[in-house]
Amino acid sequence: MSPSFNELSAGQEIGSRTIEVTRTDLVKYAGASGDFNPIHWNEAFATGVELPGVIAHGMFTMGSAVQLVTDWAGDPAAVVDFQTRFTKPVLVTDTTGTDQPGATIEVSGAIGKLDADAGTARVDLTVVSAGQKVLMKAQALVKLS
């Protein structure tokens, strides 16, 4: 059930979630997206191009973060715009053979602005991995009834 526009206020939190990421997730995402850049799965290649290790796809990170908003809205089609700036990569260590994630992404959201005329709420997301903001100015525009 989607939230009612009239029940919202600026600053109101919409929730939070922790996303666990493994290298297997990155390989699956590569297959789905067609982005097979080896920086997303090959440690030797990633460090060879002076990255600290394998990093998550930017669109994987962005899509994982906005899931909080689509779940809150109750309808993915309610999200009419989503924009962000990538500031830090999500480093995903190799934990193959363990039950541990290679990285975690912490996402929280709050209402940033309401537009009564348009019936929209801007949701501002905070997206952090390894103690650093990995997305800045992550904002979703949600059309509500």
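Keep in mind it's a predicted model, so treat the numbers as computed, not measured.

Participant: How should I be thinking about the side chain of H57 in this particular structure?
Facilitator: Examined against the element boundaries, H57 turns out to sit in the loop between α2 (43–48) and α3 (58–73). Judged by its relative accessible area of 1%, H57 is buried. With sequence-adjacent residues up to four places away left out, H57 is seen in contact with L26, Y29, A30, D35 and H40.

Participant: What is the right way to look at the UniProt feature "domain: MaoC-like" (unreviewed entry) in the protein in this model?
Facilitator: Following the UniProt record, one finds the feature "domain: MaoC-like" (unreviewed entry) at residues 11–98. Structurally, residues 11–98 is divided into 38% helix and 19% strand, and its ends, taken at the C-alpha atoms, are 39 Å apart.

Participant: Can you walk me through a nonpolar patch on the surface in this structure?
Facilitator: A surface patch of nonpolar side chains, about 320 Å² in accessible area, is lined by V27, F36 and W41. Topologically, W41 is positioned in the loop between α1 (23–33) and α2. Relative accessible area serves as the criterion here: at 42%, W41 is assigned to the partly exposed category.

Participant: Please explain the environment of L125 as it appears in this structure.
Facilitator: Within the secondary structure, L125 is located in strand β4 (residues 120–129). For the pair L125 and A110, spaced 15 residues apart in sequence, the C-alpha separation works out to 6.7 Å. For L125, the contacting residues outside a window of four places in its chain are A65, V66, L68, V69, F82, V107, S108, G109 and A138.

The rules behind these values
- Residues numbered from 1 in each chain as written.
- Predicted model: local features only at pLDDT ≥ 70, side-chain atom pairs only at ≥ 80, totals over all residues.
- Heavy atoms only, no water.
- Helix = DSSP H or I, 4+ residues; strand = E, 2+ residues; numbered from the N terminus.
- Buried < 20%, exposed > 50% of the residue type's maximum accessible area, 1.4 Å probe, protein only.
- Contact = heavy atoms within 4.5 Å.
- UniProt positions renumbered as here; feature names shortened; annotations may be inferred.
- Patch = residues over 30% accessible without salt bridge, like charges linked within 9 Å, V, L, I, M, F, W, Y side chains within 5 Å.
- Areas by Shrake-Rupley, 256 points an atom, 1.4 Å probe, with all protein chains shown as cover.
- Salt bridge = Lys/Arg side-chain N within 4 Å of Asp/Glu carboxyl O.

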